[in-house]
Amino acid sequence: MIKLQQLSKHYGNIVAVAGLNLHIKRGEIFGLLGPNGAGKTTTIRMLTMLTWPTDGKALINGYDVTRDLNKVKQEIGVVPQQMNLDQELTARENLELHGRLYKQPTAERQKRIEELLDYVELQERADDLVSKFSGGMKRRLMIARALMHNPKVLFLDEPTVGLDPHTRRKIWDLIRRMNNEGMTVLLTTHYIEEAEILCHRVGIMDRGQLIALDTPEKLKRKVGEVAVESFEDTETGYKLFSSREKALDYAGQVKSNVLIRDTNLEDVFIELTGRKVGD
Amino acid sequence: MDFYTVLWREMIVLKRTFYKFLASRLVSPLLYLVAFGWGLGRGIRINGGNYMEFVVPGIIALSAMNTSFNAIGISLNISRLYHKTIEEYLIAPLSAGSFVLGNVLAGTVRGLIASLIILGLAFLFGAKLVLNHWFFLVIILTCFIFASLGVVAAMTINSHEDMSNFSTFVILPMSFLSGTFFLPEYLPQGVAYLIKALPLTHASYALRALAQGQGLLPISLAVLGAYAVLLFIAAVVVVKKVR
Ligand SMILES: Nc1ncnc2c1ncn2[C@@H]1O[C@H](COP(=O)(O)OP(=O)(O)OP(=O)(O)O)[C@@H](O)[C@H]1O
Ligand SMILES: [Mg+2]
């Protein structure tokens, strides 16, 4: 559904994205992880035609993002990292503007607006100005807006940043529901457990390159399924082992307090990128 | 017809903030009329008419310019650099031409309203002006030109501060020098030539001639038309290049 071939983006001397090769299948929820500045947003901006690639190629449903602009535009819905709703309009007007921009016939547009307001539970606030919304309400409205024209692919750049646990779960449910209805989803996140719960496959980016690509399960198996945390005086040490026996062996040699547990995706991330998320 | 969507959005916002817009557009022309028309200009006769009737077309031209330039330039610049709302339009299947036309027409509507306010004030101040369809055409053309310039500036200037510098160094001098309050003939010849190449000069000349019943100045109309076409094309080009 989404194909990247040697996709690159340079900003002067900065290489934001360095030759990505990736194939995301129809109906997949794909998560793009990576430390700040890894190039996730830049990748999404190239896929959504907000910036031109310096090199390489990207196809969405077979359409080239630098050539078949209007074809691609009908296929994709975008929820950008930055809140970009029209603050001078109400929630309903924001959706209506989107529908009009995509040339939806009036009756269909009105029906879709009501449907989506229910879907993201904003029916009661529909006629309030967006500037009076909370962060979570704005996120939900942004997702509703991206869905207005029934896209086949949805791009979500950090869709749950700054949301409370309830709202976050609501958005997860929303993403799963859309995916069950056949939508392909590409999302980025810094909440690794979010990727672990939600994504069929994840790609880990660092400095513009893809350094790992697999299902969360397989990635964990690759780096070792058992983690040992040891608390030295100031820092916590992490070591990953392929079996419980090896982990116990190691734990026996450590003098400080230790914790033995299953590996999670965050361990994979740290092991591969060599820094804690957000460093 | 895609441009209508852009215009539709602008008109919703205009309706919602109409009284605020009206009030803000009232203040500066009122001050100009009081200071230059009533206070300073009382008793001055220029080209055989009174100064009030001389200055009103100039004030209309400069208000049309300021209102349409600011309405589009500032909001589009903020939308591009800060709110990022412009991305909603760039992602949508909307051509650059429709996007620009919608915005420029929105700026024109605002500029036209501002001009009508001044006409209303001028009549209250007792100015006698001849109004016909050419008069309004020239106003609309002026608004169109400066709304297009607003798009060009908004899309090419990369900080809010430089945007206000542009206003200070380009728009403000034009407001005062382009035959609005006095004729550029009084200035040194080189400067006068330069000023006569500016669109606002032709707008105030054309409006003044029409208001004083001297009929249409075809050259000024042609110059305004040429500026309108060129700046509109420039606006479309810079919007296309923004990716
Ligand atoms: N418009 C731009 N001009 C110059 N450099 C840019 C621009 N946009 C991004 N970059 C650079 O490209 C690199 C990748 O940035 P990008 O926003 O894609 O990272 P990210 O993975 O989305 O990070 P985050 O997790 O912080 O959102 C960074 O080094 C950034 O400074
Ligand atoms: Mg980002």
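In this report, the structure presented in the accompanying data block is examined. (Residues numbered from 1 in each chain as written. Chains lettered and ligands numbered in written order. Predicted model: local features only at pLDDT ≥ 70, side-chain atom pairs only at ≥ 80, totals over all residues. Heavy atoms only, no water.)

## Topic: the coordination of the magnesium ion (ligand 2)
Argument step 1. Thr41 of chain A (OG1) and Gln81 of chain A (OE1) make up the full set of protein donors to the magnesium ion (ligand 2), lying at 1.8 to 2.2 Å. Pair noted here: Thr41 of chain A is in helix H1 (residues 40-47) and Gln81 of chain A is in the loop between strand E6 (76-79) and helix H3 (91-101), with a separation of 40 residues, a long-range link. (Donors = N, O, S within 2.8 Å, 3.2 Å for Na, K, Ca; no water. Helix = DSSP H or I, 4+ residues; strand = E, 2+ residues; numbered from the N terminus.)

## A word on the pattern of salt bridges
All names here are of chain A.
Argument step 1. Applying the stated criterion to the full structure yields 28 salt bridges over all chains.
Argument step 2. The salt bridge involving Arg92 is made with Glu114; its shortest N-O contact spans 3.3 Å. Within this pair, whereas Arg92 is found in helix H3, its partner Glu114 is found in helix H4 (residues 106-119), the two being separated by 22 residues in sequence.
Argument step 3. Look at Glu114 and you get partly exposed, because its relative accessible area is 29%.
Argument step 4. For Arg112, the salt bridge goes to Glu115, with nearest N and O atoms at 2.8 Å. Taken together, the residues Arg112 and Glu115, both in helix H4 and 3 residues apart, mark about one turn of the helix.
Argument step 5. Judged by its relative accessible area of 37%, Glu115 is partly exposed. (Salt bridge = Lys/Arg side-chain N within 4 Å of Asp/Glu carboxyl O. Buried < 20%, exposed > 50% of the residue type's maximum accessible area, 1.4 Å probe, protein only.)

## Remarks on the interface of chain A and chain B
Argument step 1. The interface of chain A with chain B comprises 29 residues on the first partner and 21 residues on the second.
Argument step 2. Summing both partners gives a buried area of about 2500 Å² for chain A against chain B, and 57% of it is carried by carbon and sulfur.
Argument step 3. Contact with chain B buries area across many residues of chain A, yet Leu50, Arg100 and Leu101 of chain A alone supply 24% of it, more than any other trio.
Argument step 4. The interface formed by chain A and chain B holds 6 salt bridges in total.
Argument step 5. The salt bridge partner of Arg45 of chain A is Glu87 of chain B, with a shortest N-O separation of 2.9 Å.
Argument step 6. At the junction of chain A and chain B, the tally comes to 12 residue pairs in polar contact (both at pLDDT 80 or more).
Argument step 7. At the level of elements, helix H2 (69-75) and H3 of chain A are the ones that each hand at least two residues to the side of chain A that touches chain B.
Argument step 8. Tallying contributions element by element places H3 of chain A first for the side of chain A that touches chain B, with 6 residues. (Contact = heavy atoms within 4.5 Å. Buried area = accessible area lost by both parts, 1.4 Å probe. Polar contact = N/O pair within 3.5 Å; in protein donor to acceptor, adjacent residues only side chain to side chain.)

## A closer look at the layout of surface pockets
Argument step 1. Considering only enclosed or pocket space, the largest pocket measures out at about 820 Å³ in volume.
Argument step 2. What lines the largest pocket is a set of 31 residues, among which Glu88 of chain A together with Val13, Ala71, Ser75 and Arg110 of chain B lie closest to the centre.
Argument step 3. Within the residue set of the lining of the largest pocket, elements represented by two or more residues are helix H1 (3-16), helix H2 (18-40), helix H3 (51-83), helix H4 (86-91) and helix H5 (96-124) of chain B.
Argument step 4. With 10 residues, H3 of chain B is the single largest residue contributor to the lining of the largest pocket.
Argument step 5. Partitioned by chemical class, the residues of the lining of the largest pocket number 13 nonpolar, 11 polar and 7 charged. (1 Å grid on protein atoms, 1.4 Å probe; cavity = no way out; pocket = protein on both sides within 12 Å on 5 of 7 lines; lining within 4 Å. Points joined across faces, edges and corners; volume = space filled by probe spheres on them. Nonpolar A, V, L, I, M, F, W, Y, C, P; charged D, E, K, R; others polar.)

## A short note on the site of ligand 1
All names here are of chain A.
Argument step 1. Residues in contact with ligand 1 amount to 14 residues; listed here are only the nearest, Gly37, Lys40, Thr41, Thr42 and His190.
Argument step 2. Taking Thr42, its side chain carries an N or O atom lying 2.5 Å from an oxygen atom of ligand 1.
Argument step 3. For ligand 1, whose accessible area on its own is 640 Å², the fraction buried by protein is 64%.
Argument step 4. Elements that contribute at least two residues to the shell around ligand 1 include exactly strand E2 (14-24) and H1.
Argument step 5. Element by element, the count of residues in the shell around ligand 1 is highest for H1, at 3 residues.
Argument step 6. Split into classes, the residues belonging to the shell around ligand 1 amount to 5 nonpolar, 7 polar and 2 charged. (Near = heavy atom within 4 Å. Areas by Shrake-Rupley, 256 points an atom, 1.4 Å probe, with all protein chains shown as cover.)

## Considering the pairing of strand E9 (residues 201-206) of chain A
Residue and element names in this part refer to chain A.
Argument step 1. Burial analysis of E9 places 6 of its 6 residues in the buried class, the great majority of the element.
Argument step 2. Across the two faces of E9 the burial is the same, with Arg201, Gly203 and Met205 and Val202, Ile204 and Asp206 all buried.
Argument step 3. Alignment of strand E3 (residues 29-33) against E9, held across 4 bridges, turns out to be parallel. Bridge assignment links Leu33 to a residue of E9, and that residue is Ile204.
Argument step 4. Sheet topology note: the E9/strand E10 (residues 209-214) ladder contains 5 bridges and is antiparallel. Bridge pairing in E10 places Asp206 opposite Gln209. (Pairing = 2+ DSSP bridges.)

## A closer look at the side chain of Asn94 of chain A
Residue and element names in this part refer to chain A.
Argument step 1. By the secondary structure assignment, Asn94 is in helix H3.
Argument step 2. Judged by relative accessible area, Asn94 falls into the buried class, the value being 2%.
Argument step 3. Residue contacts for Asn94: discarding those within four places in its chain leaves Leu85, Asp86, Leu89, Val130, Leu141 and Arg145.

## Some points on H1 of chain A
Residue and element names in this part refer to chain A.
Argument step 1. A large share of H1 lies buried, amounting to 6 of its 8 residues.
Argument step 2. Buried within H1 are the following residues: Lys40, Thr42, Thr43, Ile44, Met46 and Leu47.
Argument step 3. Where H1 terminates, the next one or two residues include Met49, which has phi positive at roughly 65°.

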